[in-house]
Amino acid sequence: MSKKVAVILSGSGVYDGAEIQESVITLLRLDQRGAQVQCFAPNIAQLHVINHLTGEEMPESRNVLVESARIARGNVKDIRDADVEEFDALIVPGGFGAAKNLSNFAIEGAGCSVQPEVLALAEAFAEAGKPVGLICISPALAAKIYGPGVTCTIGNDADTAAAMSKMGATHEECAVTEIVEDKARKLVTTPAYMLAQTISEAASGINKLVDRVLELTHENDA
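The chain is annotated in an unreviewed UniProt entry as Glyoxalase of Pseudomonas granadensis. What the UniProt record of the chain gives under Catalytic activity (unreviewed entry) is the line "glyoxal + H2O = glycolate + H(+)". Looking at the Function (unreviewed entry) heading of the UniProt record, one finds this comment for the chain: "Displays glyoxalase activity, catalyzing the conversion of glyoxal to glycolate."

Here it is in structure tokens:
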């Protein structure tokens, strides 16, 4: 039986949405491993829109779900329609959208909150004991999902790690090619573009994360 994996996207583009390369690598690896995938995104306005050529903010508004459809080739659903019982695992790629749209970590740091529908779905996976993969900056949300004591990584960025520790997470430094696993919680994390200098470096850790998340879905197989 192929496993079903939910993927949460946060827009389209590293500076104001989901990191496109991380998202595509994740979706590619899941497909290569024979998993069935459904993308989801919150149907909300982005925090802001960034010109990815200049890095400057643009005077317009975009919708996270609509923008996520660019990456998913239209096959993305409102996160309100996601049912944890239909899936074996959850993966959240990075990009500033995770810290701006799925949460307000980019602005509030350790005092952040997670978008309610995103938090509800992630908590449902945690409570069901189903594996979760968080990539790049997304592990910054781990303490909000799992509570104090959760072990995860964003690589070795001291300021981000300090904010995560203040929120109650246990941060482990990690190379871009590796993963960190909280075995008790079935949470797998990898730094990706928090450290990666090339798409191949990002892929090395993401592929390991996807492979491990899928391995964990088989633990309860008969």
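Don't stop here, the text continues.
It is worth spelling out the environment of Ala169 at this point. Following the sequence through the fold, Ala169 ends up in the loop between helix 7 (158–166) and strand 9 (170–171). On the accessibility criterion, Ala169 (8% relative accessible area) is buried. Taking C-alpha positions, Ala169 is 19 Å from Ile107, a pair spaced 62 residues apart along the chain. If sequence neighbours within four positions are ignored, Ala169 has contacts with Ala143, Val150, Cys152 and Met164.

What follows concerns the UniProt feature "domain: DJ-1/PfpI" (unreviewed entry) in the chain. Under the UniProt annotation, the feature "domain: DJ-1/PfpI" (unreviewed entry) is placed at residues 16–189. Within residues 16–189, the helical portion is 32% and the strand portion 18%, while the C-alpha atoms at the span's ends are 21 Å from each other.

Attention now goes to the sheet that holds strand 6 (residues 89–92). Strand order in the open sheet formed by seven strands is 5-2-1-6-7-11-10, and the pairing between neighbours is mixed. Two strands in the sheet have a free side with no partner beyond their single neighbour: strand 5 (76–78) and strand 10 (180–182). The mean angle between the axes of side-by-side strands here comes to 25°, regardless of whether they run parallel or antiparallel. Where strand 7 (residues 132–135) lies against strand 11 (residues 187–190), four bridges are found, and the strand directions are parallel. Among the inter-strand pairings, Gly133 is bridged to a residue of strand 11, identified as Val188. Seen against the sheet, helix 2 (residues 64–71) touches strand 2 (36–41) and strand 5 and runs at an angle of roughly 165° to strand 5.

All right, on to the packing of helix 1 (residues 20–32) against helix 8 (residues 199–217) then. Close contact between helix 1 and helix 8 brings their axes to 9 Å; oriented N to C, the two are set at 45°. Classified by the angle their axes make, helix 1 and helix 8 are oblique. In the packing of helix 1 onto helix 8, the handedness of the crossing is right-handed. Residue-level contacts link Gln21, Glu22, Ile25, Thr26, Arg29 and Leu30 of helix 1 to Ile199, Ala202, Ala203, Ile206, Asn207, Val210, Asp211 and Leu214 of helix 8. Residues belonging to the contact of helix 1 with helix 8 are distributed by class as follows: eight nonpolar, three polar and three charged.

Here the focus is the nonpolar core. Inside soluble globular proteins, nonpolar side chains tend to come together where they are buried. In this structure, Ile8, Leu90, Phe105, Phe125 and Leu187 are the most contacted members of the largest nonpolar core, which totals 37 residues. Those elements that provide at least two residues to this core are strand 1 (4–8), strand 6, helix 3 (96–100), helix 5 (116–127), strand 7, helix 6 (142–146) and helix 7. Once residues within four sequence positions are removed from consideration, Phe125 is found in contact with Ala6, Val84, Phe87, Asp88, Ala89, Leu90, Lys130 and Val132. In this structure, Leu9, Val176, Ala196 and Leu209 belong to the second largest nonpolar core, which totals 31 residues.

Positive phi values are uncommon outside glycine, yet Lys186 reaches one of about 55°. Relative to the elements of secondary structure, Lys186 occurs in the loop between strand 10 and strand 11. Judged by its relative accessible area of 14%, Lys186 falls in the buried class.

Parameters and conventions
- Residues numbered from 1 in each chain as written.
- Predicted model: local features only at pLDDT ≥ 70, side-chain atom pairs only at ≥ 80, totals over all residues.
- Heavy atoms only, no water.
- UniProt positions renumbered as here; feature names shortened; annotations may be inferred.
- Helix = DSSP H or I, 4+ residues; strand = E, 2+ residues; numbered from the N terminus.
- Buried < 20%, exposed > 50% of the residue type's maximum accessible area, 1.4 Å probe, protein only.
- Contact = heavy atoms within 4.5 Å.
- Pairing = 2+ DSSP bridges.
- Axes fitted to C-alpha atoms, helices over the stretch in contact; angles between N-to-C directions.
- Parallel < 35°, antiparallel > 145°, perpendicular 65-115°, else oblique.
- Left-handed = near helix turned anticlockwise from the far one by under 90°.
- Nonpolar A, V, L, I, M, F, W, Y, C, P; charged D, E, K, R; others polar.
- Core = buried A, V, L, I, M, F, W, Y, C linked by side-chain atoms within 4.5 Å.

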